[in-house]
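# Results of the structural survey
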Amino acid sequence: MNDSVENTKLWGGRFTRSTDKLVEQFNASIDVDKRLYDADIEGSIAHLKMMANEGIIPKEEAGTLIEGLGKVKRQIENHEMEFTPGLEDIHMHVEDALTKVSGDVAKKLHTGRSRNDQVALDVRIYLKKETLLILELLSGFQKVLVKMARKHLDVIMPGYTHLQRAQPILFSHYLMAYYEMLCRDIQRFEDCLKRIDVMPLGAAALAGTTYPLNREFTRQVLSFSSVSQNSIDSVSDRDFVMEFISHASICMIHLSRLSEELILWSSAEFSFITISDAFTTGSSIMPQKKNPDVAELVRGKTGRVVGNLMSILMLMKSLPLAYNKDMQEDKEPLFDTVDTLKICLEVYTRMFENIKIHKDRMLAACSQGFLNATDLADYLVAKGMPFRQAHAVAGKAVAYALENQKELDDLSLEEFKTLSDLIGKDVYDAIAIHTMISKRISYGGTSFDNVTRAVEKAEKNLGLK
Ligand code: ARG
């Protein structure tokens, strides 16, 4: 049916039939990659400047095109551009619009360039900016955590293993654990940034080009740190996308673990915290409900991001070098990951500023469940008993207390003496909650001094002091 219709595409020269409409839709990525318009135009301007500088195209023509690209950018920003699947992707939309704005001279823009190196460049420009934003959001969230740690420096809560009460810890020590996790997230993104920050333009389709391009010039115009070394690798490398989504997944998993705790702690059973009304929602049937939806959604969205990681890994796993159209599918998981991570970090930063801490409840939870059993054993060790034996005695003390519905601190000295005559009346101080905290002096432990030092160090690191 289409046999006689000429193919009018930018690449239509060798085609005698026009593209099937369904294929046109199937092939198009414009709905997704239109967000790269800014990067695409920035890359094209740099390419034109370089070509003019090297005498590949006349300076006046480059000037006309750069001006034209400015107009195209404004068109897009004013929502005046019509996006159509017929023009496939953002690269062709920009070029087509430029032709309308600047005339036939626009046909020189794509000299010495392919969409293969162009798209690699665009994604790198985009991701470099986004990674820098994410780094800022991460340190912004750290600031909130550290300020909260400073404010609640002395608040004591039960620490858990296996979600069973284990030993008392400082709430500030717990917050600083998340600070550390976020430090590693920052390190990972910073490291990944080195590999994002590489300029691929000039690789053309895959083999380089016959024009005397000055890739170093383009790199400088675009403020990249280095140029890519191998033209084949330049157009087929998506390691930086895989790395980015992998780091984002780990970061989301951190946020998801935090979510789980916020959800538990805000339950009636724990009542350690209250999340502000502004960050919770009600139920349409149960009037009393106040649900921690934000925390639940952050936990839920973690699944999406980890799914995106699977998508990009599976997408790349069998691709022969160099560019394959499969790679067009890299953008949805990447963009979704960027959007999701950013909003989760933003919403958590704001939510944390609005969390109320119930320190009495936290402290009360420490006084039940024999959290001082280890300290009783350590007390006996200090009196000369080997640790294994001390562990057994403390275990017997717990069994005895349980039977008599008491806590260890409720036992009388006589009762203690029946367990070991090494025990004296100084035992009560040794197993008191405050003593337990202040004695945890091993480097990185929960003692007041340690945590105060950790908070101070973080405050300096974040420029809070
Ligand atoms: N829309 C394409 C992508 O996102 C651009 C590169 C197309 N290259 C090609 N040879 N068809 O990957």
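Everything that follows concerns the structure shown earlier in this document.
This is a predicted model, so every value here is computed, not measured.

Glancing now at the overall build of the chain. Helices and strands together make up the secondary structure of the chain, namely 19 helices and six strands. Against the compact-globule benchmark of 23 Å for 465 residues, the chain has a radius of gyration of 31 Å, which places it well outside the compact range. C-alpha atoms of the chain, sized along the principal axes, occupy 105 × 50 × 40 Å. A total of 465 residues make up the chain; the buried ones form 49% of that total. Taking the contacts inside the chain whose residues are at least 6 apart along the sequence as the reference set, 73% of them involve residues at least 24 apart.

This part is about the nonpolar core. The biggest cluster of nonpolar side chains holds 109 residues, and the ones touching the most others in it are F171, F244, L334, Y348 and F352. Sort the elements by how many residues they give to this core and helix α7 (residues 171-196) lands first, with 14 residues. When neighbours within four sequence positions are excluded, F171 is seen to be in contact with M148, H152, V155, M157, W265, I357 and M362.

Below, the discussion takes up the site of the ligand. All residues adjacent to the ligand are S29, D33, D89, H91, R115, N116, V119, Y323, Q328 and K331. Between a nitrogen atom of the ligand and a side-chain N or O atom of S29, the distance comes to 3.3 Å. Within the side chain of K331, one N or O atom sits 2.6 Å away from an oxygen atom of the ligand. Burial of the ligand by the protein chains amounts to 86% of its free accessible area of 350 Å². The greatest single-element share of the shell around the ligand, amounting to three residues, is contributed by helix α6 (residues 115-151). Here the shell around the ligand is composed, by residue class, of two nonpolar, four polar and four charged.

Time to look at the layout of surface pockets. Empty space within the largest pocket amounts to approximately 480 Å³. Around the largest pocket sit 16 residues that line it, and E180, Y443, G444, A454 and K457 are the ones nearest its centre. Elements represented by at least two residues in the lining of the largest pocket include exactly α7 and α19 (448-461). Here the lining of the largest pocket takes seven residues from α19, the largest share from any one element. Per-class residue counts for the lining of the largest pocket are eight nonpolar, five polar and three charged. One number sums up the size of the second largest pocket: a volume of about 380 Å³. Forming the walls of the second largest pocket are 15 residues, and the residues nearest its centre are Y160, Y174, Y178, R257 and E261. Considering every element that reaches the lining of the second largest pocket, the biggest residue donor is helix α10 (residues 239-265), with five residues.

Parameters and conventions
Note on numbering: residues in each chain are counted from 1, in written sequence order. Two thresholds apply to this predicted model, a pLDDT of at least 70 for residue-level local features and 80 or more for giving and counting side-chain atom pairs, whereas whole-chain, interface and lining totals are computed over all residues. Note that water and hydrogens are dropped before the side-chain values are worked out from all heavy atoms of the structure. Per the convention used, a helix needs a DSSP run of H or I reaching at least four residues, while a strand needs a run of E reaching at least two, with both numbered from the N terminus. Here the globule rule reads 2.2 Å times residues to the power 0.38, and the radius of gyration is calculated from C-alpha atoms. Buried means the residue's accessible area, taken with a 1.4 Å probe over protein chains only, is under 20% of the maximum for its type, while exposed means over 50%, and partly exposed covers the values in between. Contacts between residues were defined by any pair of non-hydrogen atoms, one from each residue, lying within 4.5 Å. Only buried residues count toward a nonpolar core. Its members are Ala, Val, Leu, Ile, Met, Phe, Trp, Tyr and Cys residues joined through side-chain atoms within 4.5 Å. Being near a molecule or strand, for a residue, comes down to having at least one heavy atom within 4 Å of it. Here a polar contact means two N or O atoms within 3.5 Å. Within protein one must be a hydrogen donor candidate and the other an acceptor candidate, and residues neighboring in sequence count only if both atoms are side-chain atoms. Only the protein chains shown count as cover for residues, with accessible areas throughout obtained via the Shrake-Rupley method and a probe of 1.4 Å. Three classes are used: nonpolar for Ala, Val, Leu, Ile, Met, Phe, Trp, Tyr, Cys and Pro, charged for Asp, Glu, Lys and Arg, and polar for all others, with Gly counted as polar. Cavities and pockets are found on a 1 Å grid laid over the protein atoms alone: a cavity is a set of points where a 1.4 Å probe fits but cannot escape, a pocket is an open set with protein on both sides within 12 Å along at least five of seven lines, and a lining residue has an atom within 4 Å of such a point. Grid points are joined across faces, edges and corners, and a volume is the space filled by probe spheres set on the points.

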